[in-house]
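Structural characterization, general
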Amino acid sequence: MLAADTDQALPSPADLSGRLLPWFDAHHRTELPWRRPGTTAWGVLVSEVMSQQTQVARAAPVWEAWMARWPTPADLAAAPTADVLREWGRMGYPRRALRLQECARIVATEHGGVVPADPAELEKLPGIGVYTAAAVAVFHYGRRHAVVDTNVRRVVARLGGQSDAGTATTKADLAAAESLLPEDAPTAARVSVALMELGALVCKARAPECGTCPVSGLCGFSGQEVPAGPSRKRQKYKGTNRHVRGEVMALLRDAEGPVERARIDAVWPDRRMLDEAVAQLITEGLIGTDEAGRFELPSR
C-alpha cells in the first residue's frame, strides 16, 4: 500500500536527506543507552530484541544491567539460564531472553563472537526476523538497507499523501522505504535511523506535529487532519494467560531455591488457568522441575 497507492510521488533521496538529517542531528534522542559511542553490534542486537513488544523506556535500564553483566556473546552463552531469566525481570515475553542466549551461543561458537553484518546471516539466528536483522546491519554496521517499523511505515505513507500505512505488506513496505535512501551507504544508514526518529517524535499516529516537521514541504499529507479511526482497545493483561504466566515466573525468579507446588498454587485462584500456564512454561523451557518435583528456573 505504501508504494503503489500513494497520492503523490515520494520525495527524492537527496531532497529528503537534505532536510531530514540536519533535524536528526539536532533533535535525536541521546538518552537511549545503546546509542552511546562504543556500543557493539552485540549491544545493538540485544537492544532490538529487548525493544520488541516493550517500550524503550522500560528496556533501557534492563539493557544497561544486561550489558554490564554480559558484554559479549560468549559471556551470555556461558551464563546460567536461571540468571538470564532473572535479569530479564518483568519485561514480558521471557522467551526472548532464551532466544538471546541461543543467539549468543551461535555467535560465540559459529561466528567467532562477532555478530554478522549481513542481514541474511542475521536472520538465521533464533528469533531474528527481517526488521531486527536490517536494524543491526544499519544501526551498527552502517549498511544500506530499509529498516521498516510502524513509525517508518507511517512516515513513508504520509510523505506519499496517505494518512496511515494500512495493512503491512513487507515487500512493498521495504521497497518504498528503500526508494528514499541515498546510494551512499553511511548516509543511507543515517536516513534510516532519522525516518524512525521522525515517526517516534514528530509524525505521530494521532497527532502529527506538522508545524515542526523538517520535511513538511515534501509531504503529501502535511497539515491535514488524521481521520478518526475505530477506537483501539488497550490490550488486556490482567486476568489473562500472560498474567498467570507472569506471576509464576515472578515467584520463581524471586525464590532462593526450588519451589513446592503449594506455593505455585497460591499465586492464582483458577486452577485450570494455572495448570495451563505452568504446562506452557515447562514446554517452552522457561521453568523446570527437580528430582523432588519442585519447580525452578532452568538450570542449564
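The model shown is predicted, which means the values in this text are computed figures rather than measured ones.

About the cut-offs
Residues numbered from 1 in each chain as written. Predicted model: local features only at pLDDT ≥ 70, side-chain atom pairs only at ≥ 80, totals over all residues. Heavy atoms only, no water. Helix = DSSP H or I, 4+ residues; strand = E, 2+ residues; numbered from the N terminus. Buried < 20%, exposed > 50% of the residue type's maximum accessible area, 1.4 Å probe, protein only. Areas by Shrake-Rupley, 256 points an atom, 1.4 Å probe, with all protein chains shown as cover. pLDDT = per-residue confidence, 0-100. Core = buried A, V, L, I, M, F, W, Y, C linked by side-chain atoms within 4.5 Å. Contact = heavy atoms within 4.5 Å. Phe/Tyr/Trp six-rings, centres within 6.5 Å; stacked < 30°, edge-to-face > 60°. Axes fitted to C-alpha atoms, helices over the stretch in contact; angles between N-to-C directions. Parallel < 35°, antiparallel > 145°, perpendicular 65-115°, else oblique. Left-handed = near helix turned anticlockwise from the far one by under 90°. Nonpolar A, V, L, I, M, F, W, Y, C, P; charged D, E, K, R; others polar.

What follows covers the overall build of the chain. Summing up its helical and strand segments, the chain has 14 helices and two strands in all. Looking at the chain as a whole, 45% of its 300 residues are labelled buried. Per element, the accessible surface of the chain, about 14,800 Å² overall, is 51% carbon and sulfur.

Moving on, we come to the confidence of the model for the chain. Looking at the chain as a whole, its pLDDT mean stands at 93, while 96% of the residues score no less than 70. Within the chain, helix α10 (residues 170-178) has the poorest average pLDDT of any element, 93, and helix α4 (residues 73-78) the best, 98.

Attention now goes to the nonpolar core. Grouped together as the largest cluster of nonpolar side chains are 54 residues, with contacts concentrated most on Trp-42, Met-50, Trp-66 and Ile-264. Broken down by element, this core gets its largest block of residues, seven residues, from helix α2 (residues 41-50). Beyond its immediate stretch of four places on either side in the chain, Met-50 contacts Ala-59, Val-62, Trp-63, Trp-66, Trp-88, Met-91 and Arg-96. Residues Trp-23, Val-152, Leu-159 and Met-196 belong to the second largest nonpolar core, which totals 31 residues.

Among the secondary structure elements, Trp-66 is positioned in helix α3 (residues 56-69). Using a relative accessible area of 0% as the deciding quantity, one classes Trp-66 as buried. For the pair Trp-66 and Ser-47, spaced 19 residues apart in sequence, the C-alpha to C-alpha distance is 10.0 Å.

Attention shifts here to the packing of aromatic side chains. Overall, the coordinates contain three aromatic pairs when judged by the stated rule. Consider the rings of Trp-66 and Trp-70, whose centres lie 5.0 Å apart with planes at 80°: the pair is edge-to-face. Centroid distance Trp-66 to Trp-88: 5.8 Å. Interplanar angle 75°. Geometry classified as edge-to-face. Taken together, the residues span a long stretch of sequence, with Trp-66 in helix α3 and Trp-88 in helix α5 (residues 81-88) at a distance of 22 residues.

Another aspect to go through is the packing of α2 against helix α6 (residues 95-110). Taken N-terminus to C-terminus, the directions of α2 and α6 make an angle of 160°; their axes are 10 Å apart at the nearest point. It follows that α2 is roughly antiparallel to α6 by the angle criterion. For the pair α2 and α6, the sense of crossing is right-handed. Every residue of α6 that contacts α2 at Trp-42, Val-46, Val-49 and Met-50 is listed here: Arg-96, Leu-100 and Ala-104. Among the residues making up the contact of α2 with α6, the classes are represented as six nonpolar, no polar and one charged.

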